Every structure is written in C-alpha cells, then in structure tokens.
Amino acid sequence: MKKVALLSIAFLVILHFAGCMLENRAEETVETFKKADGSLSSSNRYLNIDIKELFKIIDVHRHKNRTLALEADSIYNAVEAVSQFIDSLNQLQKTLDSSGERLDITEKILVGTPTGNELKRKLLWVSGSCYSTLITPVEKPALDSILSWINEIPTISDWDKRHFQLTPTVAGITILNKFENDCKNAASYSLSLIAKQLSK
C-alpha cells in the first residue's frame, strides 16, 4: 500500500512538472508568434507606403495606357479590400481572446464559415488582379513564389482547416498578417511592372 501511495505521489509530481513544461512551452509559442506578427506588421506598413508611391507614379502616366491603369486600379482596390478585411478579422480575434492562447477563436471565425469564404474570395481577387498584369511569362515565377500559399486555395479543399483549425489566436492573427503581407508584396511587384511600362 505504501508503495502504491509513493508511486501515486511520484506520478502526480511528474504530471505537475510536465504541466509546467507544457505551460512554459505554450507561453514561448505565443511569444514567438507575437514577435513574428510584429515583424509582419512592420513590413506591411512599409509596403503600404511602397504601394501608394507606385500608384502615384501610375496615376501621373495613366493617360499613356488606360488599360494598364485600370489593371493597376483593380490591384490597388483588391489589396485595400483584403487589408481592411484582415484588419477587421484581427481586431475581432483580439477582442474575443486578448491572451492569444485560445484554440477555438480563429477556427470559429474562419473554418467553414461565410467569413472564411469571403477571406478566400478576397485573397483570390488580389491574386487574379496581379496575374492579369503580367506582360511576359518571365515575370510569372516571381509572382508564383510570392503568392504560393494563396494559390493553394482552389486546389486544396480543406485549405481553411489546414491554416486555422485548432490554431491559437495569436497564430491565426500572424497567419492572416502573412497573407496580407503576401498580397502587398504581389501588388508591389505587379504595380512596379505597370509603373515601369507606363514610364517608358
């Protein structure tokens, strides 16, 4: 009986230490995502400036090729729409889970929901708008590389589950910011091609 009691106590001690280790690991994971998210947010602010400057150049030369200028408008509008949508999703997640640790918030918002479908639609709008501006096939691999995660949407039926199911809120926010960053990088690339073409 004494042996069983000692084993029970030992087991409880091991469980306690394992729980502490998991809790510390979860805190480390949350902190890692918060750092990554901060880096993406900083990059997104820089890309906003870049996109606006490119769009100003395009606007000045709009009269040279109205078709290209309209494609630039489409890219700009698509990126603005996806940015606003992702910002609103991130605000909602932060409101529902200020700790960033819950595993159900992002999933409830984005997996198999109209909101998740709207996110996919907006991401594909940016992708399609950017691809429509390609002037030569040589430019396509760079855009493929930038938009690789987004380009999986039509080919992977459980795309939303892969990215957002059982995902800590802070990770969901970081993933959304990565998508926003990808969209802005693609827009910057495509708008630079248009600006170059119009500046000739």
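Right above here is the structure, for reference.
The shown structure was predicted, so the numbers you read here are calculated from the model rather than taken from an experiment.

Criteria and thresholds
- Residues numbered from 1 in each chain as written.
- Predicted model: local features only at pLDDT ≥ 70, side-chain atom pairs only at ≥ 80, totals over all residues.
- Heavy atoms only, no water.
- Helix = DSSP H or I, 4+ residues; strand = E, 2+ residues; numbered from the N terminus.
- Expected span 1.5 Å × (residues − 1).
- Buried < 20%, exposed > 50% of the residue type's maximum accessible area, 1.4 Å probe, protein only.
- Salt bridge = Lys/Arg side-chain N within 4 Å of Asp/Glu carboxyl O.
- Phe/Tyr/Trp six-rings, centres within 6.5 Å; stacked < 30°, edge-to-face > 60°.
- Lys NZ or Arg CZ within 6 Å of the ring centre and 35° of its normal.
- Axes fitted to C-alpha atoms, helices over the stretch in contact; angles between N-to-C directions.
- Parallel < 35°, antiparallel > 145°, perpendicular 65-115°, else oblique.
- Left-handed = near helix turned anticlockwise from the far one by under 90°.
- Contact = heavy atoms within 4.5 Å.
- Nonpolar A, V, L, I, M, F, W, Y, C, P; charged D, E, K, R; others polar.
- Polar contact = N/O pair within 3.5 Å; in protein donor to acceptor, adjacent residues only side chain to side chain.

1. Digging into helix α8 (residues 169–198)
- The end-to-end C-alpha distance of α8 is 43 Å, a good match for the 44 Å that 30 residues give at a rise of 1.5 Å each.
- For α8, the buried fraction is high: 24 of the 30 residues fall into the buried class.

2. Thoughts on the pattern of salt bridges
- Applying the stated criterion across every chain yields a total of 12 salt bridges.
- Note that Asp144 is salt-bridged to Lys140, the shortest N-O span being 3.0 Å. With a gap of 4 residues between them, Asp144 and Lys140 both fall in helix α5 (residues 140–146), about one helical turn apart.
- The class of Asp144 is partly exposed, set by a relative accessible area of 27%.
- Residue classification places Lys140 among the partly exposed positions, given a relative accessible area of 38%.
- Look at the salt bridges and you will find they share partners, linking Asp59, Arg62 and Asp73 into a network.

3. Notes on the packing of aromatic side chains
- For the structure on display, the rule yields 5 aromatic pairs.
- A centroid spacing of 4.4 Å and a plane angle of 20° characterise the contact between Phe55 and Tyr76, whose relative ring orientation is stacked. Here Tyr76 lies in helix α2 (residues 66–96) and Phe55 lies in helix α1 (residues 2–60), a separation of 21 residues in the sequence. As far as the burial class goes, Phe55 and Tyr76 line up, both buried.
- When the centroid spacing of 6.2 Å and the interplanar angle of 80° are considered together, the rings of Trp159 and Phe164 count as edge-to-face.
- Among the residues examined, Phe164 registers a relative accessible area of 1% and is labelled buried.
- An aromatic cluster is built from Trp149, Trp159, Phe164 and Phe179, whose rings are joined through pairwise contacts.
- The ring of Phe85 has Lys122 sitting right over it, with the charged end atom 5.5 Å from the ring centre.
- Cation over ring: Lys178 sits above Trp149, and NZ or CZ is 4.7 Å from the ring centre.

4. Topic: the packing of helix α4 (residues 114–131) against α8
- Between α4 and α8, the shortest axis-to-axis distance is 9 Å and the interhelical angle comes to 20°. The angle between α4 and α8 falls in the class roughly parallel. The two elements α4 and α8 meet at a crossing, and its hand is left-handed. For the pair α4 and α8, contact is made by Leu119, Leu123, Val126 and Cys130 and by Leu176, Phe179, Cys183, Ala186, Ala187 and Ser190, respectively.
- Residues belonging to the contact of α4 with α8 are distributed by class as follows: 9 nonpolar, 1 polar and no charged.

5. A closer look at the side chain of Thr113
- With respect to the helices and strands, Thr113 occurs in the loop between α3 (105–110) and α4.
- The buried category is assigned to Thr113, whose relative accessible area is 14%.
- From its side chain, Thr113 meets the backbone nitrogen of Gly116 in a polar contact 2.9 Å long.

6. Focus on the environment of His63
- Note that His63 resides in the loop between α1 and α2.
- Each C-alpha atom, one on His63 and one on Leu198, is 8.9 Å from the other, the two residues being 135 residues apart in sequence.

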